[in-house]
Amino acid sequence: MNSYLQASDFFKGNDPEKIAAKYGTPLYVYSEEVIRQHMEAVGKVITKYDYTANYSVKANTNLEILKLALSEGINCDAMSMGELMMLKKAGFPSDRIFFVPNNVADEEFEYAIDNDIIVSLDSLSQLEKYGQLVGRKGKGHECAVRINPGVGAGHSEKVITGGKKTKFGIAEADIPKIYEVINKYGLKLIGINQHIGSQFLDPQPYLDAVENLLRIARDFKGLKFIDFGGGYGIPYHKLDDEANYPMEDFKTRLQPILDAFVADYGYAPMFKSEPGRFCVAEGGIILGRVNAIKENSGRTYVGTDVGMNTLIRPAMYDSYHDVEVIREGKVVPREDMSEVNISGQICESGDLIVKDRMLPNIEEGDLVAILDAGAYGYAMASTYNTRPRPAEVMVCLDGNVKLIRRRETYEDLMSLF
Ligand SMILES: Cc1ncc(COP(=O)(O)O)c(C=O)c1O
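How each quantity is defined
Residues numbered from 1 in each chain as written. Predicted model: local features only at pLDDT ≥ 70, side-chain atom pairs only at ≥ 80, totals over all residues. Axes fitted to C-alpha atoms, helices over the stretch in contact; angles between N-to-C directions. Helix = DSSP H or I, 4+ residues; strand = E, 2+ residues; numbered from the N terminus. Parallel < 35°, antiparallel > 145°, perpendicular 65-115°, else oblique. Left-handed = near helix turned anticlockwise from the far one by under 90°. Contact = placed C-beta atoms within 7 Å. Nonpolar A, V, L, I, M, F, W, Y, C, P; charged D, E, K, R; others polar. Domains from an automatic or database assignment. Buried ≥ 20, exposed ≤ 12 C-beta atoms within 10 Å, placed from the backbone. Core = buried A, V, L, I, M, F, W, Y, C linked by C-beta atoms within 7 Å. Pairing = 2+ DSSP bridges.

**Student:** For this particular structure, what's the right way to read the packing of helix α6 (residues 106-114) against helix α7 (residues 124-137)?
**Tutor:** Two packed helices can be described by the angle between their axes and the distance between those axes. The interhelical angle for the contact between α6 and α7, taken along N-to-C directions, is 50°, at an axis separation of 10 Å. With respect to α7, the element α6 is oriented oblique. Between α6 and α7 the crossing geometry is right-handed. Here D106, F109, E110 and I113 of α6 lie close against α7, whose contacting residues are Y130, L133, V134 and K137. Of the residues in the contact of α6 with α7, the class split is 5 nonpolar, no polar and 3 charged.

Below you can see the structure in the form of structure tokens.
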């Protein structure tokens, strides 16, 4: 593909140069259309049985994006009290929120219990703490536990969340102990969940994990729901024609696994999944300005205002993001290429968005568009080097561009002192 921005009509006829001039750079730009398409797709993963996709909001908690999930009819997973509060602010009723925290103190559990939000407990000690609180509050008896299924998968060791080497979940061997705590506090276990990792384009590890969780689920009687976790991948190498997650093939292969379980278990509990990245990654890009170009020992560095403070994924996970170059509002064709590095403004040698990549010739003053930045982009942005975080805008279905989070100011940064 020569240009994702053109192929998807990302800006809906708007001139990206004008958007950048109005809102400044670096700037997160989202496509309502692309995000809605992905949210709609995850909502249809299972159609034969009762099912809900829970958008994992850790990927992107912008209020307007949460409202898209609300209107698409999908539910949400939250990992923290802050995320719970954002979901409430977006208008989510409590029964459309699932709280999946780890290692939290009473305050966060209390917020969930007071708001009638179902909690998943990640360890026996958290289950114990939760049980004590429920005893004191006299509500919140229904709960879930997160199982560590003993297997994991993902694009980097840092995103593998199942298996013996991770901190997450309760091991299968401890199921009898789960019941000891449940019985001690009069809790009612209504669901189990797992999440094995992130960004797989081959559905097989996820299907294996579903099968494995359903095997484990047979040890739990009377479950109301079973949650298989997130992890569906997106093609970060789309300009090199990497294929999409094979959603239809995945659905076809998932069905008989569910059928076999339902036949055996006697009924179909509600099935859930927890996709984050898949919902929002491709619907977000970052526009950055090229401020300087230099040669250092034979290597070309394109110095922009998009650094690891704006997008940490390349520095943190060695992640790859496609880049398009925009000059005078037009995408520069991918021809006449040369090898460059794209860096930001942070005083760290790891502050590289792109390493040794063939890109169309870049000039000072150009815009770079960093693709697939809608997930774990702004959500992980920081004020490192005391740089305010960027603004976020959304290109709406009708082509209007609206500001959905203002740029942080220096005053904002000073105001904490
Ligand atoms: C418990 C849990 N659920 C869901 C997700 C979403 O994963 P992804 O964005 O890969 O779909 C994560 C992310 O790590 C997670 O930790």
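**Student:** When you look at the domain arrangement of the protein chain in this model, what are you seeing that I'm missing?
**Tutor:** You'll often see interface size given as the accessible area lost when the parts meet. Taken as a whole, the protein chain is organised into domain 1 (4-11 + 282-414) and domain 2 (101-273). Each of domain 1 and domain 2 has a C-alpha centre, and these two points are 34 Å apart. Counting from both sides, the interface comprises 10 residues of domain 1 and, opposite them, 9 residues of domain 2. When the residues that make up the side of domain 1 that touches domain 2 are grouped by side-chain class, the tally is 4 nonpolar, 1 polar and 5 charged.

**Student:** Would you mind going over the environment of D114 with me for this structure?
**Tutor:** Along the polypeptide, D114 turns up in helix α6. Residue D114 is classed as exposed on the basis of its C-beta count, with 12 C-beta atoms lying within 10 Å. Taking the C-alpha atoms as reference points, D114 and R218, 104 residues apart in sequence, are found 31 Å from one another.

**Student:** Teacher, can you tell me more about the nonpolar core here?
**Tutor:** Note on soluble globular proteins: their nonpolar side chains tend to be buried together. F99 and I370 are the most contacted members of the largest nonpolar core, which has 106 residues in total. By residue number, the principal contributor to this core is helix α9 (residues 204-217), which donates 5 residues. Residue-level mapping places this core at the junction of two domains, with at least three residues from each of domain 1 (4-11 + 282-414) and domain 2 (101-273). I370 has contacts with I285, I286, G288, V306, L311, H321, V323 and I353, leaving out every residue within four places of it along the chain.

**Student:** It is not clear to me how the pairing of strand β17 (residues 367-370) should be interpreted in this structure. Could you clarify?
**Tutor:** The side chains of a regular strand alternate, residue by residue, between the two faces of the sheet. Here β17 shows no split at all, with L367 and A369 on one side and V368 and I370 on the other all buried. In this sheet, β17 lies alongside strand β13 (residues 323-327) in antiparallel orientation, the contact comprising 4 bridges. Note that in β17 the partner of V325 across the bridge is V368.

**Student:** Help me understand the packing of helix α3 (residues 32-42) against helix α4 (residues 63-72), please; the structure alone is not making it clear to me.
**Tutor:** Two numbers describe how α3 lies on α4: the axes approach to 10 Å, and their chain directions differ by 45°. With respect to α4, the axis of α3 lies oblique. Taken as a pair, α3 and α4 cross one another with a handedness that is right-handed. Along its contact with α3, which presents E32, I35, R36, M39 and E40, the element α4 presents I65, L68, A69 and E72.

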